[in-house]
Amino acid sequence: RDRGASYKGVYEDTLNLEVANTLKDIFIDNGYSILMTRENEMDLCGDKFIKKEDMMKRSKFINNYNPLLVLSIHMNTYSNEKYKGAQVFYSNANSKSVDLANLIQNKLSCYTDTTRKIVKRNNIYLLNSIVSPACIIECGFITNSEERNKLLDQDYRRIIGEAIYAGTTEFIRNYLRY
């Protein structure tokens, strides 16, 4: 019920889910177990959508499973169309989140034309409430026409997924013991 940002008929929630499902397939194809907080257009609220309730339920769901790490897929918007590029956000809630963010951002820079840098955001509920290393990946700006067209392309979404996968698996190898 919360479609997220939209621009010229392109909705964030639809692209988020397409990127997340692509990423899920890449991980599963490589032997990882994946848990999604959503696999369709539904939120985690009851009859009425309340964003805070949805975020609290997501956080509880995630923390109950205690995953190795958490990736939250999003699309960015800005009033000026000149802004573009994928960008990773993290918080200080888990000290390893900055390492996860750096590795994913590095791979996004290698696989795409982004020059953006990671950003610490201690004011995002989901990042602050999750125990595991976590980050939000803004896969691009749907308000930038060139980037929006790329994000609508399945092959480009696969490239984004492969970049996130590469950064994540490097993080697992270098920073996690399981």
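Located above this text is the structure these notes cover.
First, a word on what this report is: a plain description of the structure on this page. Quantities reported herein were computed from a predicted structural model and do not represent experimental measurements.

For the rest of this paragraph, the subject is the overall build of the chain. Each helix and strand in the chain was counted, giving 6 helices and 6 strands. Considering the chain as a whole, with its 178 residues, one finds that 45% of them fall into the buried category. In the chain, the proportion of contacts linking residues at least 24 apart, taken out of those at least 6 apart, comes to 76%.

One pass over the full model with this rule turns up 6 aromatic pairs. Aromatic side chains Phe27 and Tyr165 sit 4.9 Å apart centroid to centroid with 70° between the ring planes, which places their arrangement in the edge-to-face category. Taken as a pair, Phe27 in helix α1 (residues 12-29) and Tyr165 in helix α6 (residues 154-175) lie far apart in primary sequence, 138 residues in all. Just as Phe27 is buried, Tyr165 falls in that class too. Of the aromatic side chains, those joined through ring pairs into one cluster are Phe27, Tyr32 and Tyr165. Directly above the aromatic system of Phe89 lies the positively charged group of Arg121, at a separation of 5.2 Å from the ring centroid.

This brings us to the nonpolar core. Among the nonpolar cores identified, the biggest contains 31 residues, and Ile73, Ile104, Leu108, Ile137, Cys139 and Ile164 are the most heavily contacted of them. If you list the elements that add at least two residues to this core, you get α1, β3 (70-76), β4 (87-90), α3 (97-111), β6 (134-141) and α6. Looking at this core element by element, the count peaks at 7 residues for α6. Contacts of Ile137, omitting those with residues within four sequence positions, involve Leu71, Ser72, Ile73, His74, Gln87, Val88, Ile104, Leu108 and Ile164. With 10 residues, the next largest nonpolar core counts Met55, Ile62, Val70 and Ile124 among its residues.

This paragraph deals with the pairing of β3. A regular strand places its side chains so that they alternate between the two faces of the sheet. Burial runs high along β3: 5 of the 7 residues are buried. As defined by bridge partners, β3 adjoins β6 across 6 bridges and the pair is classed as parallel. Within β6, the position partnered with Asn76 by the bridge is Phe141.

Bringing the pattern of salt bridges into the picture now. Note that side chains of opposite charge can pair when their charged atoms are close. If you walk through the whole model with that rule in mind, you get 6 salt bridges. Across the salt bridge formed by Glu18 and Arg157, the nearest N and O atoms sit 3.2 Å from each other. Linking Glu18 in helix α1 with Arg157 in helix α6, this pair joins segments that are 139 residues apart in sequence. Classification of Glu18 by relative accessible area gives partly exposed; the value is 32%. The salt bridge involving Asp113 is made with Lys84; its shortest N-O contact spans 3.4 Å. Of the two residues, Asp113 is situated in the loop between α3 and β5 (119-120) and Lys84 in the loop between β3 and β4; the sequence distance between them amounts to 29 residues. Classification of Asp113 by relative accessible area gives partly exposed; the value is 38%. Overall, the relative accessible area of 32% leaves Lys84 in the partly exposed class. Among the charged side chains, a network of salt bridges with common partners joins Lys84, Asp113, Glu146 and Lys150.

Here the focus is the sheet that holds β6. The 4 strands are arranged β3-β6-β4-β5 in an open sheet whose pairing can be described as mixed. Only two strands of the sheet have a single neighbouring strand rather than two, namely β3 and β5. Here β4 pairs with β6 via 3 bridges, running antiparallel. Paired with Val88 across the bridge in β6 is Ile137.

Criteria and thresholds
- Counting restarts for each chain: residues are numbered from 1 in the order of the written sequence.
- Local features in a predicted model are, by the rule used here, given only for residues with pLDDT of at least 70; side-chain atom pairs are given and counted only at 80 or more, and totals for whole chains, interfaces and linings are based on all residues.
- Side-chain descriptors were evaluated using all non-hydrogen atoms of the structure, hydrogens and water having been removed beforehand.
- Put simply, DSSP H or I for four residues or longer makes a helix, DSSP E for two residues or longer makes a strand, and each gets a number counted from the N terminus.
- Exposure is judged per residue with a 1.4 Å probe applied to protein chains only, and the accessible area is read against the type maximum: over 50% gives exposed, under 20% gives buried, and values in between give partly exposed.
- Two residues qualify as a contact provided that any one of their heavy atoms is within 4.5 Å of a heavy atom in the partner residue.
- Each aromatic pair joins two rings of Phe, Tyr and Trp (for Trp, the six-membered one) with centres within 6.5 Å, and gets the label stacked for planes under 30 degrees apart, edge-to-face for over 60, and tilted for any other angle.
- By definition, being over a ring means that NZ of Lys or CZ of Arg is both within 6 Å of the ring centre and within 35 degrees of the ring normal.
- Each nonpolar core is a collection of buried residues, namely Ala, Val, Leu, Ile, Met, Phe, Trp, Tyr and Cys, held together in the definition by side-chain atoms within 4.5 Å.
- Two strands qualify as a pair provided DSSP detects at least 2 bridges between them.
- Between Lys or Arg on one side and Asp or Glu on the other, a salt bridge is scored when a side-chain nitrogen of the former is within 4 Å of a carboxyl oxygen of the latter.

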